[in-house]
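What follows is the residue order along each chain.
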Amino acid sequence: MSNNYKNWKVESDDEGIIWLHLDKADSVANVLSSEVLEELDAIITEVTKASPKGVVFLSDKDSGFIAGADVHEFTHIETKEQALEAIQRGHRVFNAIESLRCPTVALIHGFCLGGGLELALACRYRVADTELSTRLGLPEVRLGIHPGFGGTVRMIRQVGVINGLNAMLTGRSLSAKAAKKIGLVNFATPKRHHINAARSIIAKPPKPFKLPFWNKILNHNQVRPWIAKYMSKQVAKKAMRAHYPAPYAIIDLWVRCYDDPEFMLEEEINSIAELIIGKTAQNLIRVFLLNERLKSLGRTEDYKPTHVHVIGGGVMGGDIAIWCALRGFKVTLQDRQMETLSKVLQRANKLYTKKLKDRRSITAALDRLVPDIKGDGLVRADIIIEAIFEDPEVKRNLFSEIEPKLKKDAIIATNTSSIPLDELNTILKKPERLVGLHFFNPVAMMPLVEIVHSKKTDDQVLKNAAAFTRRIDRLPLPVTSTPGFLVNRVLMPYLIEAVILADEKIPLKVIDDEALEFGMPMGPIELADTVGLDICLKVAEILSEHMDISVPDRLRKMVEKGRLGKKSGRGFYTFKDGKPVKPAVPKGYKPPTDIQERLILRFINEAVACLRDKVVDDADLADAGIIFGTGFAPFRGGPFHYIESRGKDQVVKLLEQLEHRHGPRFKADQGWQQI
Ligand code: NAI
């Protein structure tokens, strides 16, 4: 066997086993780039001729087995022919692996995702490391596609129809233990045993995993259409077919072709080739790359904070502290009241139990979160996060009190959502150490953190704040300290327009449905109720001092009456068991045709204004921040990408028409001339 490959190391041992080590050149993680696959193609041709006793696939990277296909290469695919060519090569190689006469074993640690898991599924046996970092999954739907190297066939065959479809439709990944339970891997064992495990599997191949008998019934061609119907209904609750065709394509492939695996493999190729050149996949791939870009902003090797001190244990401070301790930091949490701190500990216990599952890890996380009423942790902390009342005077007083006690290079971060940093840093001896870390509520669900800087914020402090954000597994977005920063600023005109529509007696459900139909994760009325109408009102009032928006009277009145939304049980909607009860739309009601345009164009017009004001550096960062901060229809690739695909002139024309019909709040921002 030759061994002059750039990405693979081929070893043959005395027992006649061939060990194929993947170590992709110039990369921290293994991905199946075209080069990696081309080399594998050549290797498998040689292996077939060599008739070894067994073949073992393993990774030499610490980060894991294989993280998937090389997503960057997807952006170069423009035609269906190009897509077919790339996918067919993958199929050829994986089919050849599956056809090898000898036992084949994949030794898995860390990430084993997408194409990586498909390769492992083409092997006869899989062994997975029991470490928590091991994740096996087929997350392709998140990129608007589905498994394309035979995974749709092999996954269902291996783990059965329910587990197989579930994994592919949700894109969720599994631990080694969970994978073992459903038969996805044959053995879950610590990595140090992997080499021996592979040898004994090859010496004495175990019997394959047996699926329960009812799996056959579920796969029967008379039963499949029923299950498919049920599954499609479930999918439709989360993703509309028009917006996200991939999950429907998976169900369709299975229902049409499962009786004939070879035909299904062929159809898989066709189906993914269609999807990958479609708009949804291209936009979701764009979102993936934007995510990578945000991650790269926090890549600083030499900042290694270990201790976070949070001041203010309310809604935000409490959740920030809980999250930081979950991500491995030592956290001291200070508040004026012990009662508040004990509530935080209860919340922490709940979240850790859900996320960590095993008792030892839960106890360890709880141990890292230390209630600290006197603020003793201040002197040792690397980063201090302030999340007390939204009042400049109160915050300044706190800063002047704590600054003398801090370590010399400690960072002070404020979670303020509206106070300019220049109003807060005046009191500090070292104003350059103040930065904004603007988290969103709920902290455990919202991936974005706006990294807010004033003119005085030190560059290194900014970089360190971004690096810290990555360390707690959040996405940093640098923004200037302007009212509302990016996310709240673009959301506010959209929410206000929804309230205006409600004032015009448009049924609330109609307003929400229009936004959902555009692709928003939640309608604006429900969103306002969920955030809290008091918070919406406060942000709206602050923004109205700087922007041309008027705060609807209705909002004020509702807050006065204590109708605060979800938290008080009643806002625009009444809440039952934490869910809004949406009154049915009267029969025969015909809504005006421009509701969706009114909502979305106010949003987009404000995004353009933000770029003109240089709140963020460029349109891609604005798209990234808005998608990850507001959930803006990811399959549209962000507001600026939407403008581009719809045509800038066309959108400006629509704004002019809306201005004519509904007034100056729709006036196209001057920024349109610059994009
Ligand atoms: P909150 O009212 O729930 O909590 C504030 C906490 O700070 C209270 O527990 C209070 O006892 C404590 N506190 C006040 N002064 C203190 C002091 N001198 N020393 C120690 N503890 C003190 O407020 P919330 O909603 O958590 O907001 C905190 C900050 O986060 C504000 O600046 C707010 O603008 C910002 N924010 C709020 C969001 C939200 O959705 N609630 C979202 C993003 C930012």
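(A) Representation of the packing of aromatic side chains within the structure. Counting across every chain of the model gives 8 aromatic pairs. Judged by centre distance (5.2 Å) and plane angle (70°), the rings of tyrosine 244 and phenylalanine 635 are edge-to-face. In this pair, tyrosine 244 is assigned in the loop between helix H10 (224-238) and helix H11 (246-257) and phenylalanine 635 in the loop between helix H26 (619-630) and helix H27 (639-646), connecting sequence segments 391 residues apart. Given a relative accessible area of 8%, phenylalanine 635 falls into the buried group. With a centroid separation of 5.4 Å and 75° between ring planes, the pair formed by tyrosine 494 and phenylalanine 603 is classed as edge-to-face. Of this pair, tyrosine 494 sits in helix H20 (residues 487-503) while phenylalanine 603 sits in helix H25 (residues 595-612), and the two are 109 residues apart along the sequence.

(B) Inspection of the sheet that holds strand E14 (residues 383-386) at higher detail. Spatially, the 8 strands line up as an open sheet ordered E13-E12-E11-E14-E15-E16-E17-E18, and their pairing is mixed. At either end of the open sheet lies a strand with only one pairing partner, and these are strand E13 (369-371) and strand E18 (475-480). In this sheet, neighbouring strand axes are inclined to one another by 25° on average, regardless of whether the strands run parallel or antiparallel. Of the pairings in the sheet, the one linking strand E15 (residues 411-414) to strand E16 (residues 434-438) comprises 3 bridges and is parallel in character. If you follow threonine 414 over to E16, its bridge partner there is glycine 436. Docked against the sheet, helix H15 (residues 338-356) engages strand E12 (330-334) and E13, running at close to 165° with respect to E13.

(C) Fine view of the site of the ligand. Close contacts around the ligand come from 21 residues, with Met316, Asp335, Glu390, Lys395 and Ser417 the closest. Contact distances for the ligand include 3.4 Å between an oxygen atom and a backbone N or O atom of isoleucine 388. When the ligand is considered free in solution it has 830 Å² of accessible area, and contact with the protein chains removes 83% of it. Per-class residue counts for the shell around the ligand are 8 nonpolar, 9 polar and 4 charged.

About the thresholds
- Residues numbered from 1 in each chain as written.
- Predicted model: local features only at pLDDT ≥ 70, side-chain atom pairs only at ≥ 80, totals over all residues.
- Heavy atoms only, no water.
- Phe/Tyr/Trp six-rings, centres within 6.5 Å; stacked < 30°, edge-to-face > 60°.
- Helix = DSSP H or I, 4+ residues; strand = E, 2+ residues; numbered from the N terminus.
- Buried < 20%, exposed > 50% of the residue type's maximum accessible area, 1.4 Å probe, protein only.
- Pairing = 2+ DSSP bridges.
- Axes fitted to C-alpha atoms, helices over the stretch in contact; angles between N-to-C directions.
- Contact = heavy atoms within 4.5 Å.
- Near = heavy atom within 4 Å.
- Polar contact = N/O pair within 3.5 Å; in protein donor to acceptor, adjacent residues only side chain to side chain.
- Areas by Shrake-Rupley, 256 points an atom, 1.4 Å probe, with all protein chains shown as cover.
- Nonpolar A, V, L, I, M, F, W, Y, C, P; charged D, E, K, R; others polar.

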